[in-house]
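# Architecture and fold: a report
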Amino acid sequence: MKSLYQPNWLIRFLIPGKYRLKISDKPIVYLTFDDGPTTECTEKILEILATHDVKATFFCVGENARKHPELIKKIIEGGHNIGNHTMHHKNGFKTGIQKYVNEVLQASEYIPSKLFRPPYGKCNIFQNLKLRNLGYKIIQWDVIAYDWDKKRTPHDVLSIIEKYVRNGSIIVLHDSVKASDRTLPILSTLIISLKSRGFEIKTIIS
């Protein structure tokens, strides 16, 4: 099953944002979760992260944050970081410039963060510039494992990450109901594997 697990140079050029975060030559990686918070998945992920004393970054959909403010509070109190993922998970390529920016601003009422990740990674250069002018730091990803895809197995998801991760990698998983059958079973194993390879797992700082 062939898919694009890492963005190539053309994608990085056409869709600006941070795809990797390099801190000197240290083996540091960034574990991120998109599309939550959800009662079905986010709390279980937080429990696993706490067990392994790992901090992550959660890019939250404003609509979900509005419904579950207690989970946003729990993420922050757990020492994790949060980011904005628009109010209604909008595709930037299918949304007008100002409407897209308004989506981000609306979500910011429930997500106190200047980190932003565009849903689907799709944010055109004009939306990008407007958001940067408003002080947002746009974070894409370096490794994506398609954990939302029901055709994948948990083993597929784990294998993809283990194969492509490198120093500075931003790994994207999802704390959505759709992804839970693949994300939850492998999260502990992934963390143990990353640590055994010498990677330190950190949050993305806004």
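All of the points below concern the structure found in this document. (Residues numbered from 1 in each chain as written. Predicted model: local features only at pLDDT ≥ 70, side-chain atom pairs only at ≥ 80, totals over all residues. Heavy atoms only, no water.)

### A closer look at the pairing of strand E2 (residues 57-60)
Looking along a regular strand, one sees the side chains alternate between the two faces of the sheet. Going residue by residue along E2, you find Thr 57 and Phe 59 tucked away on one face and Phe 58 and Cys 60 tucked away on the opposite face as well. Of the strand pairs in this sheet, strand E1 (residues 28-34) and E2 are connected by three bridges, and their pairing is parallel. Within E2, the residue paired with Asp 34 across the bridge is Phe 59. In this view, the connection linking E1 to its parallel neighbour E2 by way of helix H2 (residues 42-51) has right-handed handedness. (Buried < 20%, exposed > 50% of the residue type's maximum accessible area, 1.4 Å probe, protein only. Helix = DSSP H or I, 4+ residues; strand = E, 2+ residues; numbered from the N terminus. Pairing = 2+ DSSP bridges. Right-handed = clockwise from strand over helix to strand, strands pointing away.)

### Regarding the packing of helix H7 (residues 154-164) against helix H8 (residues 180-196)
Interhelical geometry of H7 versus H8 gives an angle of 40° and a closest axis separation of 8 Å. Handedness of the crossing formed by H7 with H8: right-handed. Along its contact with H7, which presents Pro 154, Val 157, Leu 158, Ile 161 and Glu 162, the element H8 presents Asp 181, Arg 182, Pro 185, Ile 186, Thr 189, Leu 190 and Ser 193. A class-by-class count of the residues in the contact of H7 with H8 yields seven nonpolar, two polar and three charged. (Axes fitted to C-alpha atoms, helices over the stretch in contact; angles between N-to-C directions. Left-handed = near helix turned anticlockwise from the far one by under 90°. Contact = heavy atoms within 4.5 Å. Nonpolar A, V, L, I, M, F, W, Y, C, P; charged D, E, K, R; others polar.)

### Remarks on the packing of aromatic side chains
Taken as a whole, this structure holds three aromatic pairs when the rule is applied. Between Tyr 146 and Trp 148 the ring centres are 4.9 Å apart and the planes differ by 45°, which places this aromatic pair in the tilted class. Classification of Trp 148 as partly exposed rests on a relative accessible area of 27%. Lying over the aromatic face of Tyr 136, Lys 114 brings its terminal NZ or CZ to 4.3 Å of the ring centre. (Phe/Tyr/Trp six-rings, centres within 6.5 Å; stacked < 30°, edge-to-face > 60°. Lys NZ or Arg CZ within 6 Å of the ring centre and 35° of its normal.)

### Re helix H4 (residues 69-77)
Of all the residues in H4, the buried ones are Leu 71, Ile 72 and Ile 75. Considered in projection along H4, the buried side chains sweep an arc of 105° and stay on one side of the axis. Turned more than 90 degrees away from the buried face of H4 sit Lys 73 and Glu 77, all of them exposed. In this fold, the buried residues of H4 make contact with H2, E2, helix H3 (62-67) and strand E3 (81-84). (Arc of directions from axis to C-beta.)

### A word on the environment of His 85
With respect to the helices, strands and loops of the structure, His 85 is situated in the loop between E3 and helix H5 (97-107). Looking at His 85, the relative accessible area reads 1%, which means it is buried. Each C-alpha atom, one on His 85 and one on Ala 107, is 7.6 Å from the other, the two residues being 22 residues apart in sequence. Excluding anything up to four places from it in sequence, His 85 contacts Asp 34, Asp 35, Phe 59, Cys 60, Val 61, Phe 116, Arg 117, Pro 118 and Pro 119.

### Regarding the nonpolar core
Leu 31, Phe 33, Leu 49 and Phe 58 are the most contacted members of the largest nonpolar core, which has 36 residues in total. For this core, the secondary structure elements donating two or more residues are E1, H2, E2, H4, H7, strand E7 (170-174) and H8. Ranked by residue count, the leading element in this core is H8, at six residues. If you look at the next biggest cluster of nonpolar residues, it comprises 12 residues, including Leu 21, Phe 59, Ile 170 and Ile 204. (Core = buried A, V, L, I, M, F, W, Y, C linked by side-chain atoms within 4.5 Å.)

### Brief notes about a nonpolar patch on the surface
On the surface, Ile 97, Ile 125, Phe 126 and Leu 129 cluster together into a nonpolar patch covering about 370 Å² of accessible area. A per-element tally of the nonpolar patch places helix H6 (residues 125-133) first, with three residues. Locating Ile 97 in the fold gives a position in helix H5. Classification of Ile 97 as partly exposed rests on a relative accessible area of 33%. (Patch = residues over 30% accessible without salt bridge, like charges linked within 9 Å, V, L, I, M, F, W, Y side chains within 5 Å. Areas by Shrake-Rupley, 256 points an atom, 1.4 Å probe, with all protein chains shown as cover. Salt bridge = Lys/Arg side-chain N within 4 Å of Asp/Glu carboxyl O.)

### Notes on the side chain of Arg 117
Secondary-structure assignment places Arg 117 in the loop between strand E4 (115-116) and H6. With residues near it in sequence (within four places) discarded, Arg 117 still touches Thr 32, Asp 34, Phe 59, Asn 84, His 85, Ile 139, Gln 140, Trp 141, Ile 170 and Val 172.

### Thoughts on H7
Along H7, the positions that sit buried rather than exposed are Val 157, Leu 158, Ile 160 and Ile 161. Buried residues in H7, looked at end-on, bunch into an arc of 160°, giving them a common side. The exposed set on the far side of H7, more than 90 degrees from its buried face, consists of His 155 and Lys 163. In the core, the buried residues of H7 are packed alongside strand E6 (143-144), E7 and H8.

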